[in-house]
Amino acid sequence: MDAAAADAYLDRIGAARPASPDADALRALHLRHLRTVPFENLSLHLGEEIVLAEQPLLDKIVGARRGGFCYELNGAFAMLLRALGYEVEMLSARVFGPDGPGIPYDHLVLCVSTPDGPWLADVGFGRHSHFPLRWESRAEQSDPGGVFRIEETAEGDLDVLRDGSPQYRIEQRPRALEDFEVGCWWNRTSPRSHFTQSLVCSRLTETGRVTLSGRTLVITGADGVREVRQVGAGEVLAAYREHFGMLLAREPVVGGVRASGPGTEA
């Protein structure tokens, strides 16, 4: 990513170029990203290709002011951080479900090095920590998103827990973005993937969170109180524009036409 592209990305998330690639700047960038770039799976239900490469991701997230899910969001965030001088490793994680960890390459997370030590950064997991977590700490880490802890497994992996519940298991071998293509393809095409079964668009706000799932709009305040209402058919596109800044040509619908073939995303 060149300097112009990095500046455009920073403008997209409303952040200034940091003076140095340190932990404080990483925390600020992480929070700004969560508050401006939504976690969403709308491409699956709009028939849009998802290509795990720098320019297509920048065209979508920066140019079209859209969001995405883990491979897109953390993949693009890694590009931005590297352009700003951070050392970043992409790592594969398996998301915990009722039967334990899911498929390999189920999730993409980042290990970001700073003078203050390494950090776990993740702007692509929906409801998660607002700030990066200390990679080497095994103590509880309090965050506005919950109490997090990183535990080592017997096999050398790392389990990330939120409020005592395991979220995902990280394999510590560094990966390249293209390594995630098959996991991405599975998540966007398999009938077992929750991404193919529902619509989600969610963004952290300064006072809570706003989520649009199909035509159900949920606004959560600072006190945790949820306001839930159904959005009329003629209001859906306006809701995406108002709450997420996204201009969609048509309403995404579960079961809509999807592009197929490995090499696209999850």
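Draft legend 1. Quick peek at helix 1 (residues 3–12). A5, A6, Y9, L10 and R12 are the residues of helix 1 that are buried. Relative to the axis of helix 1, the buried residues are bounded by an arc of 155 degrees and lie together on one face. Facing away from the buried side of helix 1 by over 90 degrees, the exposed positions are A3, A4 and D11. Between the side-chain oxygen of the N-cap and the backbone nitrogen of A4 there are 3.3 Å, and the N-cap of helix 1 in question is D2. Downstream of helix 1 by one or two residues, G14 has phi in the positive range, about 70 degrees.

Draft legend 2. Seen up close, the side chain of S43. Tracing the backbone through its elements, the reader meets S43 in helix 3 (residues 42–46). Take S43: its relative accessible area is 2%, and that puts it in the buried class. Separated by 2.8 Å, the side chains of S43 and K60 make a polar contact. Non-local contacts of S43, meaning those with residues more than four positions away in its chain, are made with E48, I50, K60 and R66.

Draft legend 3. Here's a closer look at unusual backbone geometry. In the Ramachandran plot, R65 falls in the positive-phi region, its phi being about 55 degrees despite a non-glycine side chain. Among the structural elements, R65 can be located in the loop between helix 4 (54–63) and helix 5 (70–83). For R65, a relative accessible area of 35% translates into the label partly exposed. Phi is positive for Y105, close to 60 degrees, though the residue is something other than glycine. Take Y105: it is sitting in the loop between strand 3 (100–101) and strand 4 (107–114).

Draft legend 4. Structural view of the environment of A8. Tracing the backbone shows A8 in helix 1. In this structure A8 comes out as partly exposed when scored by relative accessible area, which is 34%. Separated by 54 residues in sequence, A8 and V62 place their C-alpha atoms 7.0 Å apart.

Draft legend 5. Molecular detail of the nonpolar core. Of all hydrophobic cores here, the largest spans 49 residues; its most connected members are Y9, L29, F77, L81, Y86 and L110. Of all the secondary-structure elements, those providing two or more residues to this core are helix 1, helix 2 (23–36), helix 4, helix 5, strand 2 (87–97), strand 4 and strand 5 (117–121). Per-element accounting of this core gives the leading share, nine residues, to helix 5. Setting aside chain neighbours within four positions, we find F77 in contact with Y9, L26, L29, H30, H33, L110, A121 and V123.

Conventions we followed
- Residues numbered from 1 in each chain as written.
- Predicted model: local features only at pLDDT ≥ 70, side-chain atom pairs only at ≥ 80, totals over all residues.
- Heavy atoms only, no water.
- Buried < 20%, exposed > 50% of the residue type's maximum accessible area, 1.4 Å probe, protein only.
- Helix = DSSP H or I, 4+ residues; strand = E, 2+ residues; numbered from the N terminus.
- Arc of directions from axis to C-beta.
- Polar contact = N/O pair within 3.5 Å; in protein donor to acceptor, adjacent residues only side chain to side chain.
- Contact = heavy atoms within 4.5 Å.
- Core = buried A, V, L, I, M, F, W, Y, C linked by side-chain atoms within 4.5 Å.

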